[in-house]
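Here are the chains, one letter per residue:
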Amino acid sequence: MEIVRLQDIWVRHQDQVILKGVELAIESGEFLGLIGPNGAGKTTLLKVILGLIQPHQGRVEVFGTTPQGLGGKRHLIGYVPQRSLIDWQFPASVFDVVMMGRYGKMGLFRRPNSRDKEAVLHSLDRVEMGEFAKRQIGQLSAGQQQRVFIARALVAEPQLLLLDEATMGVDAAAQERFYQLLGNLKRDFGLTIVLVSHDISIISTHVEKIACLNQSLYCHATPTEVLSTGTLEKVYGCEIEVLAHGKIPHRVIREHP
Amino acid sequence: MTEMFHYSFMLRALGAAILVGGLCSTIGVYIVLKRLSFIGVGISHSAFGGISLGFLLGLNPVATAIPFAMAVAMTIGVISRKGRVSEDVAIGILFATAMALGVIFVTLAPADNVDLFGYLFGSILAVSASDLWLIGILSFAVIGTVILFFKELFFLSFDEELAKVSGLPVEKLHYLLLCLIAVSVVISIKLVGIVLVSALLVVPAATAFQLTRSFKPMMLLSALLGMVSGVVGLIFSYEFDLPSGATIVLTATAIFILSLILSPRARGIRLR
């Protein structure tokens, strides 16, 4: 079943074209890596799916309707923004931040009740951050902050999880743990995951499919297919060295055309 | 020193100081966290246009300033969200325009209507019994609204985009917040003055930010510091015969400097 369908999406900012006729369909249960160089429009594409950016042209369909038409089904899309966009000094605890994920479901005026609180603690346990519930969010490591924001997204019980540059600033061990967590979520809850990153080598070993974006969408295929067709060079505009994580780590280097 | 409490004008001023000190510094938490201090300055200065309109029409200047300041606040909001002008430019243009209008209104107004100095810098003598009632009712209205929309305004201050994704009516909440700022500013003008009221919006909240790590304690501490600054500033104003706005703001600033020295944030202590 398709849960996201983008048809001929064009986005412009002032005189600049950011997305050129993007076509993309995401199947339920897919684990998709959306890769491309800086400024390729990856974040913009996520924001189009979220309904934060209205494309100048084209059709967006999420869960069978437009992002604006989702209404009470808004919580079906979970969003983990780029770490650099969050104000980590903000006087909010881990618990507060995860609770915010429930506000949309709760509606105006209603206060969090015991069920909401349970859901928050449960969600924090799922990402192994339960013991940090009272910590101010700035007092965590980057990897921990990332997991708190995943808990924040999960607490609304989404079916689609969109993560923007989720591993930036996160050390290698925490990244490994992070991918494991995503894998578990996908396995246990059938979550559809879209992971945006400019880091090709890490992503290609964890995701099932890759979409390459640089204003236009170049391909949407399995990592091996993408790596074997030379698409990455087209997208990034230069030779690319990919470190593939097989049983024995090895480099895949191709000749310049 | 206790003789000051025998004067009814002083008691009214003290009541007003507690109310507006608490109110402005509660709203100030949103201003500090959402980095809206320039909007605070813009709204308070443009209130001068509304105050002067009251002089010109022979009406209570506070009554004319409230809709005037709200209109300016809304316009800033609309222009910066929908227009092609950035927010700081919109504020810069609007508050200068409103003040220019104010200068013209004041010049045209009958001279006996005008207590310009008091409105600019705040006056300990200015708070009448009906003013105190108005301040009281509007303070409770604003605080009531803050309590009603507490979780929404909290989320809005933390991250507007995430709030929008969660389905919160972000635009409406933003305009609501601007309205609350406008009302708080205008009812504080008699005591604190147009020129200095924006400091009461920022300084106690900035102090509370230095000393706390979660939202509710920050808000409560900010309100408390605002009230303390109001009362202490008023006593200085009485003792040394100085405009109350200046003494209140300087008291708040002195507490802020103290907090910088004591703050765990400023000392860079992070429990990593």
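Model, not experiment: these values are computed from the prediction.

What to know about the interface of chain A and chain B
Each partner contributes residues to the interface: chain A has 32 residues there, and chain B has 29 residues. The tally of links between chain A and chain B comes to 2 salt bridges. Across the salt bridge formed by B:Glu161 and A:Lys47, the nearest N and O atoms sit 3.0 Å from each other. Summed over the shared surface of chain A and chain B, the number is 6 residue pairs in polar contact (both at pLDDT 80 or more). Put simply, the parts of the chain that give the side of chain A that touches chain B at least two residues each are helix H1 (42–50), helix H2 (94–106) and helix H4 (142–154) of chain A. Broken down by element, the side of chain A that touches chain B gets its largest block of residues, 6 residues, from H2(A). Here the side of chain A that touches chain B is composed, by residue class, of 18 nonpolar, 6 polar and 8 charged.

Things to note about the sheet that holds strand E2 (residues 16–27) of chain A
Residues and elements named next belong to chain A. Pairing is antiparallel across the open sheet formed by 3 strands, whose spatial order is E2-E1-E4. Each edge of the open sheet is held by one strand with a lone partner, namely E2 and strand E4 (57–62). Averaged over all neighbouring strand pairs, the angle between strand axes comes to 15°, with direction disregarded. With 8 bridges joining them, strand E1 (residues 2–13) and E2 adopt antiparallel strand pairing. By the bridge assignment for E2, Val 11 is matched with Leu 19. Contacting E1, E2 and E4, H1 runs over the sheet at an angle of about 120° to E1.

Description of the nonpolar core
A:Ile150, A:Leu163, A:Leu182, B:Ile181 and B:Leu191 are the most contacted members of the largest nonpolar core, which has 164 residues in total. Looking at which element gives the most residues to this core, the answer is helix H9 (residues 170–192) of chain B, with 15 residues. When neighbours within four sequence positions are excluded, B:Ile181 is seen to be in contact with B:Ile27, B:Ile31, B:Leu36, B:Ile43 and B:Leu201.

Let's talk about the confidence of the model for chain B
Per-residue confidence for chain B gives a mean pLDDT of 90; residues scoring 70 or more make up 97%. Predicted confidence is poor over residues 267–272 of chain B, with pLDDT under 50, and the contacts of this stretch with residues over four places away or in other chains come to 11 contacts.

So, the pattern of salt bridges
Two side chains with opposite charge may pair up if their charged atoms get near one another. Per the stated rule, a full pass over the model turns up 15 salt bridges over all chains. Measuring nitrogen to oxygen at the nearest pair gives 3.5 Å for the salt bridge that ties A:Asp87 to B:Arg35. Residue A:Asp87 is located in the loop between strand E5 (77–80) and H2, and its partner B:Arg35 is located in the loop between helix H1 (8–33) and helix H2 (37–57); the two belong to separate chains. For B:Arg35, a relative accessible area of 61% gives the class exposed.

Section: the pairing of E1(A)
Residue and element names in this part refer to chain A. Between E1 and E2, which follow one another and run antiparallel, lie 2 residues, and Gln 14 among them has a positive phi close to 55°. In this structure, E1 lies alongside E4, joined through 5 bridges in antiparallel fashion. What sits directly across from Val 4, in E4, is Val 62.

Structural notes on the environment of A:Val120
The topology assignment puts A:Val120 in helix H3 (residues 114–126). Apart from the residues lying within four places of it in its own chain, the contact partners of A:Val120 are A:Phe95, A:Val98, A:Met99, A:Arg102 and A:Val155.

A few points about helix H12 (residues 244–262) of chain B
All names here are of chain B. Along its 19 residues, H12 runs 27 Å from first to last C-alpha, staying within 8% of the 27 Å computed at 1.5 Å per residue. Residues of H12 that are buried include every one of Ser 244, Gly 245, Thr 247, Ile 248, Val 249, Thr 251, Ala 252 and Ser 259, and no others. Residues of H12 that are buried in the fold lie against helix H5 (116–121), H9, helix H10 (197–211) and helix H11 (215–240).

Examining a nonpolar patch on the surface
All names here are of chain B. Taken together, the side chains of Leu 211, Ile 257, Leu 258, Leu 260, Ile 261 and Leu 262 make up a nonpolar region of the molecular surface, amounting to roughly 570 Å² of accessible area. In terms of residue count, the dominant contributor to the nonpolar patch is H12 (5 residues). Tracing the backbone through its elements, the reader meets Ile 261 in helix H12. A residue is classified by how much of its surface remains accessible, and Ile 261, at 58% relative accessible area, is exposed.

Observations regarding the packing of aromatic side chains
Residue and element names in this part refer to chain B. Scanning the model with the defined rule gives 17 aromatic pairs over all chains in all. Aromatic pair Phe 150 and Phe 215: ring centres 5.6 Å apart, planes at 65°, arrangement edge-to-face. Pair noted here: Phe 150 is in helix H7 (residues 150–158) and Phe 215 is in helix H11, with a separation of 65 residues, a long-range link. For the pair Phe 150 and Phe 215, one class covers both residues: buried.

About the cut-offs
Residues numbered from 1 in each chain as written. Chains lettered and ligands numbered in written order. Predicted model: local features only at pLDDT ≥ 70, side-chain atom pairs only at ≥ 80, totals over all residues. Heavy atoms only, no water. Contact = heavy atoms within 4.5 Å. Salt bridge = Lys/Arg side-chain N within 4 Å of Asp/Glu carboxyl O. Polar contact = N/O pair within 3.5 Å; in protein donor to acceptor, adjacent residues only side chain to side chain. Helix = DSSP H or I, 4+ residues; strand = E, 2+ residues; numbered from the N terminus. Nonpolar A, V, L, I, M, F, W, Y, C, P; charged D, E, K, R; others polar. Pairing = 2+ DSSP bridges. Axes fitted to C-alpha atoms, helices over the stretch in contact; angles between N-to-C directions. Core = buried A, V, L, I, M, F, W, Y, C linked by side-chain atoms within 4.5 Å. Buried < 20%, exposed > 50% of the residue type's maximum accessible area, 1.4 Å probe, protein only. pLDDT = per-residue confidence, 0-100. Expected span 1.5 Å × (residues − 1). Patch = residues over 30% accessible without salt bridge, like charges linked within 9 Å, V, L, I, M, F, W, Y side chains within 5 Å. Areas by Shrake-Rupley, 256 points an atom, 1.4 Å probe, with all protein chains shown as cover. Phe/Tyr/Trp six-rings, centres within 6.5 Å; stacked < 30°, edge-to-face > 60°.

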